[in-house]
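One letter stands for each residue in the lines below.
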Amino acid sequence: MEVEGSPVMRVQSIAQAGKSEVPPQYIQPPSDRPNNNAGGKSGGGGDVPVIDLGGDSVREAVGRACRDWGAFQVTNHGVPIRLLDDMRKVGMSFFNECPMKDKLMYACSPDSAAAEGYGSKMLVDSDENHGVLDWRDYFDHHTLPLSRRNPSNWPHYPPNYRKLGFDRREVVSQFSDEMNVLAQKLLGIISESLGLPSSCLKDAVGEFYQNITVSYYPPCPQPDLTLGLQSHSDFGALTLLIQDQVSGLEVLKDSHWYPVQPLPEAIVVLVSDQTEQIITNGNYRSAVHRAVTNSKGARLSVATFHDPSKTRNISPASEIVCQSSPARYREVNYGDYMSRWYTKGPEGKRNVDSLLIDP
Ligand code: OGA
Ligand code: NI
């Protein structure tokens, strides 16, 4: 329960107040504003690839996308489209229909990293980050391993939040299981695309720790001055993301920001720091991405993060590191890496770059 007088502001409440200007904490420095695009959106690099997992040459296409973009969208992924729709629907219902006082019953602590529940600040409060705030509220669910999954921590309102599944199974749990299967499959394809046994990345990551974050970006009166989510790369293994019909997600490539087109049946795959960048020894890159806002309508996304356990040490895969290709990254304890990320802030890719042996 949130204490009265808490300094955490809910972006949705600020947006609903109907002011024409955002509070100063949300104004990005000129270099980080959406329109200051280091050359504009049409950077000539094409679009974030869309890969049909039922098509030909999937391995090659995935390998190319991981090398060039660190991001791609997949279709024919095997996850029922109705489940994607149900997940978006329950997420939107919580933000749109649940009264603020009820939402606050799920408020997560701003002092601990990736705490489960309703939040508005990505980073933990610390002396080291006094950055600009993101124009976003979210609900984080802890879903895997099963010992972390406790649906009674998730919204009880609207009543269908946990019951709307097309086959009457509870939506978030079903979504979690399907995303887990897809993430394992993709790690297999990514391993094979490097000429490695399909289990290589999966074995390096170990048991998945999965979190599902529903992000709600309210309409913003000054989208040119703000960001829904600051530039970062995800720090875990693999992120799978679905968005609604409102665009906003952008990926950085060769100093240009490229929008990720909303495709209702597709799932966005974001290569993340630990596994791909570190384990593949920099052969593949984690995607630097951000979310921009707009003044017209709210946007919803659901990101499913697959991470190693906090006790796991991660280092470049021995199959990749050989004399002709020495390790470029230092071994890191995943729990340490994660807490540094949340305390210091992402600043693009600073955290993973700091592990480079010879920058
Ligand atoms: C994230 C993220 C982007 C989006 O949650 O890490 O990058 O479009 N989200 O919501
Ligand atoms: Ni992200």
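These lines cover the structure that appears in this document, whether it is placed above or below. (Residues numbered from 1 in each chain as written. Chains lettered and ligands numbered in written order. Predicted model: local features only at pLDDT ≥ 70, side-chain atom pairs only at ≥ 80, totals over all residues. Heavy atoms only, no water.)

**Digging into the coordination of the nickel ion (ligand 2)**
Then, in step 1: Around the nickel ion (ligand 2), the donor atoms from the protein are His232 (NE2), Asp234 (OD) and His289 (NE2), and they sit 2.0 to 2.1 Å away.
Then, in step 2: Counting gaps between the donor residues of the nickel ion (ligand 2) yields the pattern H-x1-D-x54-H. Of this pair, Asp234 sits in the loop between strand E6 (229-232) and strand E7 (238-243) while His289 sits in strand E11 (residues 289-291), and the two are 55 residues apart along the sequence. The burial state of Asp234 is the same as that of His289; both residues are buried. (Donors = N, O, S within 2.8 Å, 3.2 Å for Na, K, Ca; no water. Helix = DSSP H or I, 4+ residues; strand = E, 2+ residues; numbered from the N terminus. Buried < 20%, exposed > 50% of the residue type's maximum accessible area, 1.4 Å probe, protein only.)

**Points about the pattern of salt bridges**
Then, in step 1: Scanning the entire structure with this criterion turns up 7 salt bridges.
Then, in step 2: Notably, a salt bridge pairs Arg290 with Glu250, separated by 2.9 Å at the nearest N-O pair. Placement of the pair is Arg290 in strand E11 and Glu250 in strand E8 (residues 249-253), with a sequence separation of 40 residues. In terms of burial, Arg290 and Glu250 fall into one category: buried. (Salt bridge = Lys/Arg side-chain N within 4 Å of Asp/Glu carboxyl O.)

**A look at the sheet that holds E11**
Then, in step 1: The strand order E6-E11-E8-E9 describes an open sheet built from 4 strands, whose pairing is antiparallel. Both outer strands of the open sheet, E6 and strand E9 (256-259), are each paired with one neighbouring strand and no more. Between one strand axis and the next, the sheet turns through 25° on average, direction left out of account.
Then, in step 2: Both E6 and E11 contribute to a ladder of 2 bridges, which runs antiparallel. Bridge pairing links Leu229 to Ala291 in E11. (Pairing = 2+ DSSP bridges. Axes fitted to C-alpha atoms, helices over the stretch in contact; angles between N-to-C directions.)

**Some thoughts on the site of ligand 1**
Then, in step 1: In the neighbourhood of ligand 1, the contacting residues comprise Arg136, Tyr217, Leu229, His232, Asp234, Leu241, Leu249, His289, Arg299, Ser301, Ala303 and Phe305.
Then, in step 2: Between ligand 1 and His232, the relevant distance is 3.1 Å, taken from an oxygen atom to a side-chain nitrogen or oxygen of the residue.
Then, in step 3: With respect to ligand 1, the side chain of Asp234 contributes an N or O atom lying 3.2 Å from an oxygen atom.
Then, in step 4: Here ligand 1 loses 97% of its free accessible area of 290 Å² to cover by the protein chains.
Then, in step 5: Contributing elements (two or more residues each) for the shell around ligand 1: E6 and strand E12 (299-307).
Then, in step 6: Taken together, the residues of the shell around ligand 1 break down into 6 nonpolar, 3 polar and 3 charged. (Near = heavy atom within 4 Å. Polar contact = N/O pair within 3.5 Å; in protein donor to acceptor, adjacent residues only side chain to side chain. Areas by Shrake-Rupley, 256 points an atom, 1.4 Å probe, with all protein chains shown as cover. Nonpolar A, V, L, I, M, F, W, Y, C, P; charged D, E, K, R; others polar.)

**Notes on the sheet that holds strand E2 (residues 71-75)**
Then, in step 1: Pairing in this open sheet of 8 strands is mixed, and the strands run E1-E2-E10-E7-E12-E5-E4-E3 from one edge to the other. Sheet topology places strand E1 (50-52) and strand E3 (117-119) at the edges, where each strand pairs with a single neighbour. The sheet shows a mean angle of 25° between the axes of neighbouring strands, direction not considered.
Then, in step 2: Bridge count between E2 and strand E10 (residues 267-271): 4 bridges; the pairing is antiparallel. Counted as the bridge partner of Ala71 is Leu270 from E10.
Then, in step 3: Against the sheet, helix H5 (residues 171-193) touches E2, strand E4 (137-144), strand E5 (209-217), E7, E10 and E12, its axis set at about 130° to E7. (Contact = heavy atoms within 4.5 Å.)

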